[in-house]
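The lines below spell out each chain.
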Amino acid sequence: MAVVVSNANAPAFEAKMTVYVFICVMIAAVGGLIFGYDIGISGGVSAMDDFLKEFFPAVWERKKHVHENNYCKYDNQFLQLFTSSLYLAALVASFVASATCSKLGRRPTMQFASIFFLIGVGLTAGAVNLVMLIIGRLFLGFGVGFGNQAVPLFLSEIAPAQLRGGLNIVFQLMVTIGILIANIVNYFTATVHPYGWRIALGGAGIPAVILLFGSLLIIETPTSLIERNKNEEGKEALRKIRGVDDINDEYESIVHACDIASQVKDPYRKLLKPASRPPFIIGMLLQLFQQFTGINAIMFYAPVLFQTVGFGSDAALLSAVMTGSINVLATFVGIYLVDRTGRRFLLLQSSVHMLICQLIIGIILAKDLGVTGTLGRPQALVVVIFVCVYVMGFAWSWGPLGWLIPSETFPLETRSAGFAVAVSCNMFFTFVIAQAFLSMLCGMRSGIFFFFSGWIIVMGLFAFFFIPETKGIAIDDMRESVWKPHWFWKRYMLPEDDHHDIEKRNT
Ligand code: BGC
C-alpha cells in the first residue's frame, strides 16, 4: 500500500482557495465533528439516572449512596466498556481504512465511515439491552477509525499547499466543536425523562447523514486518482479544485511522488528501518503522551468528575459545557501560534502550564475532599477554574500537535502507513484511559492527578530533548534539516539511505 499526502511546504504551485475546496473541507471535517461528539456524549450519558437505571442498575444503586465513597460511585467495568469499546473498534478499523483509502479512495472510505456511524447511532439510541448498546458503540468506532484515517489525508491532499498546516488543525477544531455540542446536548437532554439519553445518542445521526450525502458531492483527491492510475481523471480533478488553468507542475509533482511511493512495496516494513525511527518513535510516543496528559479523563468524564467533587448533576453538566467552550476557543490560539512560535514552544509551555494545574487540583482534592466529604463551594470553584486552564493548555499544544506532527514528519513513502500507526496508537491509549479511568479514580483517589502530573513531567522532558522543531521545514527535507543535525536522532541516519533522499529533494 502506498498512499501519498502531498507536500506541505512544496514549491507553492499556483492555486486559489476555491469555493469548491472550501465546501469539500467543511463536509469532510464533519468526520471530526462526529468523533468529537462521540467523545463528549458518553460522559454525560453515563451520568444520567435514566440511562444508569436501564443498563447499569448496580452503578445507579451505588450512586444513590453518594456519601459512601466519593471516588468509587461510578467504578464499573461495563460502564467503562460503554465508553471505551468505541476506541478498540477504531484501532482495528484504522488499518482496514488505510487499505480502503489507497485501494478504493478517500471518498468511499468516508462514505463507509458515515454508514458505520448511522448503524452505530441506530443501535445505541435504540438500545434495549447492554449487548445492543456495546455493539452500537463498536459500529461508531468503525466509523471513527475510517473517518480519522480518511479525513486528515483528504484535507491534506485537497488543500492548496500554503494553507495545508492550518487546514490540518481544522480537523482538531471540528473535534473540539463536536465535544462542545455533545456537552450542550447532554445538558439539555439530562432533563428529558426517561428518554433524554436516547436523544443524546441519536444526535450523532445528524452529522452522519450530512457526511453521507455530503460525501456524494465532494471530489476524490487528485492524488488518490493518480495513485490508482486514473491519471486523466486526476488531472481533471486537480483543475477543478485549484481554480487555475496551469496545473501542470503540480500534476507532474504528484505523478512523480506516486511513482516513488509505488516503489516501496511494503511501507510497514520500511517503518521498521533505522531511517524511519525518529518519526516513528516520536509519532507513537506523542499519542501515549497526548492521552496521558489526562485530557480524556476530563473530556469523557467531566460531568462525572464534577459530580464526584460535589457539584449537583446539572451544575456538573454545565461545567462540562464551560470546559468544552474553552477547548474550542483555545484551539484557535493553537492555529494562530503553531506556525509563529513553533511546535516546541507550545509543547514545552503547555507542559509546565498543565503540570501546575494538575498539581493544584490534586492538592485541593487531597486536602479538602477526603473520601466522603464534599468540597466546599470556593474549593469546587477553584477546581473548575483550574480544569478550564488545564484544558486551555492542552488545546493549543498536545491536542492538535498529536495529529499535526505525525502528519508532517514521515517521508512520503511511509507517510500514510506511519499515520495509520499513529491513529491506532492514539485509539489504543484513548481506550486504555477510557477503560481504566473510573477504576483509577476509585483506587488512587486524588492521587490520579499526581499520576498524570508525573506523566506530564516525562513528556515535557521528552519534548525538550527529543522533539525537534519542524516549523517552516519542507516536509521532504526533514532528514537533512531536522534528523541529521539532531544530537540523538542523527545516529539513525545511515549514509546508505541518502540516495533516496537526494532523488526526492530534486523533484
Ligand atoms: C484527542 C482526543 C481528545 C480531544 C480533546 C484530541 O486531539 O485525540 O482524544 O478528546 O483532542 O479536544
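Residues numbered from 1 in each chain as written. Predicted model: local features only at pLDDT ≥ 70, side-chain atom pairs only at ≥ 80, totals over all residues. Heavy atoms only, no water.

- As annotated in an unreviewed UniProt entry, the protein carries the name Major facilitator superfamily domain and is attributed to Arabidopsis thaliana x Arabidopsis arenosa.
- The UniProt entry for the protein carries the following text under Sequence similarities (unreviewed entry): "Belongs to the major facilitator superfamily. Sugar transporter (TC 2.A.1.1) family."
- Turning to the protein, the UniProt annotation filed under Subcellular location (unreviewed entry) states: "Membrane". (UniProt positions renumbered as here; feature names shortened; annotations may be inferred.)

## A word on the overall build of the protein
Here is step 1: A count of helices and strands for the protein gives 23 helices and 0 strands.
Here is step 2: For 507 residues, the compact-globule formula gives about 23 Å, and the C-alpha radius of gyration of the protein, at 23 Å, lands near that figure.
Here is step 3: Overall, the protein is about 70 × 50 × 35 Å in size when its C-alpha atoms are taken along their principal axes.
Here is step 4: Counting all 507 residues of the protein, 61% fall into the buried class.
Here is step 5: Across the protein, the fraction of contacts at a sequence separation of at least 24, relative to all contacts at a separation of at least 6, is 81%.
Here is step 6: Here the protein displays about 18,300 Å² of accessible surface, and carbon together with sulfur accounts for 69% of that area.
Here is step 7: If the 37 positive side-chain charges of the protein are averaged to one point and the 35 negative ones to another, these points end up 5 Å apart. (Helix = DSSP H or I, 4+ residues; strand = E, 2+ residues; numbered from the N terminus. Rg over C-alpha atoms; globule rule 2.2 N^0.38 Å. Buried < 20%, exposed > 50% of the residue type's maximum accessible area, 1.4 Å probe, protein only. Contact = heavy atoms within 4.5 Å. Areas by Shrake-Rupley, 256 points an atom, 1.4 Å probe, with all protein chains shown as cover. Lys, Arg positive; Asp, Glu negative; His and termini not counted. Charge placed at Lys NZ, Arg CZ, Asp CG, Glu CD.)

## Things to note about the site of the ligand
Here is step 1: The ligand sits among 13 residues. The nearest are Gln-172, Gln-290, Asn-296, Asn-327 and Trp-403.
Here is step 2: In this structure, an oxygen atom belonging to the ligand sits 2.5 Å away from a side-chain N or O atom of Asn-296.
Here is step 3: Note that an oxygen atom of the ligand is positioned 3.0 Å from one of the side-chain N or O atoms of Trp-403.
Here is step 4: The dominant element in the shell around the ligand, judged by the number of residues it contributes, is helix H7 (residues 164–189), at 3 residues. (Near = heavy atom within 4 Å. Polar contact = N/O pair within 3.5 Å; in protein donor to acceptor, adjacent residues only side chain to side chain.)

## Re the environment of Ser-85
Here is step 1: Locating Ser-85 in the fold gives a position in helix H4 (residues 77–103).
Here is step 2: For the pair Ser-85 and Leu-365, spaced 280 residues apart in the sequence, the C-alpha separation amounts to 30 Å.
Here is step 3: Excluding anything up to four places from it in sequence, Ser-85 contacts Ile-134, Arg-137 and Leu-138.
Here is step 4: Polar side-chain contacts of Ser-85 include one of 2.8 Å to the backbone oxygen of Leu-81.

## A closer look at the state of the cysteines
Here is step 1: For the coordinates displayed, the defined rule picks out 0 disulfides.
Here is step 2: The thiol sulfur of Cys-24 is not disulfide-bonded, and the nearest other cysteine sulfur, from Cys-101, lies at 15 Å.
Here is step 3: Here Cys-24 falls in the buried class, since its relative accessible area comes to 0%.
Here is step 4: No disulfide involves Cys-357; its sulfur sits 9.8 Å from that of Cys-388, the nearest cysteine. (Disulfide = S-S within 2.5 Å.)

## Regarding helix H14 (residues 277–292)
Here is step 1: With 16 residues, H14 extends 22 Å from end C-alpha to end C-alpha; this agrees with the ideal 22 Å at 1.5 Å per step.
Here is step 2: Of all the 16 residues making up H14, 12 are buried; the element is thus mostly covered by neighbouring parts of the structure.
Here is step 3: Residues Pro-278, Pro-279, Phe-280, Ile-282, Gly-283, Leu-286, Gln-287, Leu-288, Phe-289, Gln-290, Gln-291 and Phe-292 constitute the buried set of H14.
Here is step 4: After H14 finishes, the residue Gly-294 shows a positive phi value of roughly 95°. (Expected span 1.5 Å × (residues − 1).)

## Brief notes about the side chain of Thr-409
Here is step 1: Tracing the backbone shows Thr-409 in helix H19 (residues 398–409).
Here is step 2: With a relative accessible area of 5%, Thr-409 lands in the buried category.
Here is step 3: Looking at Thr-409, its side chain comes within polar contact range of the main-chain oxygen of Ile-405, at 2.8 Å.
Here is step 4: In contact with Thr-409, not counting residues within four places along its chain, are Pro-279, Thr-470, Met-478 and Trp-483.

## Some thoughts on the packing of aromatic side chains
Here is step 1: Considering all chains together, one arrives at 30 aromatic pairs under this definition.
Here is step 2: Between Phe-428 and Phe-429, the aromatic rings sit 5.2 Å apart at their centres with planes inclined by 70°, giving edge-to-face as the arrangement.
Here is step 3: By relative accessible area, Phe-429 is classed as buried at 16%.
Here is step 4: With a centroid separation of 6.2 Å and 40° between ring planes, the pair formed by Trp-489 and Tyr-492 is classed as tilted.
Here is step 5: On the basis of relative accessibility, which here comes to 2%, the residue Trp-489 falls in the buried class.
Here is step 6: The buried category is assigned to Tyr-492, whose relative accessible area is 19%. (Phe/Tyr/Trp six-rings, centres within 6.5 Å; stacked < 30°, edge-to-face > 60°.)

## Concerning the nonpolar core
Here is step 1: Val-45, Phe-51, Phe-56, Trp-398, Met-427 and Phe-437 are the most contacted members of the largest nonpolar core, which totals 154 residues.
Here is step 2: In contact with Phe-437, not counting residues within four places along its chain, are Gln-80, Ala-297, Tyr-301, Leu-305, Ile-448 and Phe-452. (Core = buried A, V, L, I, M, F, W, Y, C linked by side-chain atoms within 4.5 Å.)

## Considerations on unusual backbone geometry
Here is step 1: Cis geometry is found at the peptide bond from His-193 to Pro-194, where omega equals -5°.
Here is step 2: Mapped onto the elements of the fold, Pro-194 is located in the loop between H7 and helix H8 (196–202).
Here is step 3: A positive phi angle, near 65°, is found at Asn-229, a position not held by glycine.
Here is step 4: Mapped onto the secondary structure, Asn-229 falls in the loop between helix H10 (222–227) and helix H11 (231–242).
Here is step 5: Look at Asn-229 and you get exposed, because its relative accessible area is 69%.

## Remarks on a negative patch on the surface
Here is step 1: Together, Glu-14, Asp-245, Asp-246, Asp-249 and Glu-252 make up a negatively charged patch on the protein surface.
Here is step 2: By the secondary structure assignment, Glu-14 is in the segment before helix H1 (19–45). (Patch = residues over 30% accessible without salt bridge, like charges linked within 9 Å, V, L, I, M, F, W, Y side chains within 5 Å. Salt bridge = Lys/Arg side-chain N within 4 Å of Asp/Glu carboxyl O.)

## A few points about the packing of H1 against H4
Here is step 1: Two elements in contact, H1 and H4, have axes whose closest approach is 10 Å; the angle formed by their N-to-C orientations is 160°. The pairing of H1 with H4 is recorded here as roughly antiparallel in orientation. The hand of the H1/H4 crossing is left-handed. Facing H1, whose interface residues are Phe-35, Asp-38, Ile-39, Ser-42 and Val-45, H4 presents Phe-82, Thr-83, Leu-86 and Tyr-87.
Here is step 2: Each residue belonging to the contact of H1 with H4 can be placed in one class, and the counts come to 6 nonpolar, 2 polar and 1 charged. (Axes fitted to C-alpha atoms, helices over the stretch in contact; angles between N-to-C directions. Parallel < 35°, antiparallel > 145°, perpendicular 65-115°, else oblique. Left-handed = near helix turned anticlockwise from the far one by under 90°. Nonpolar A, V, L, I, M, F, W, Y, C, P; charged D, E, K, R; others polar.)

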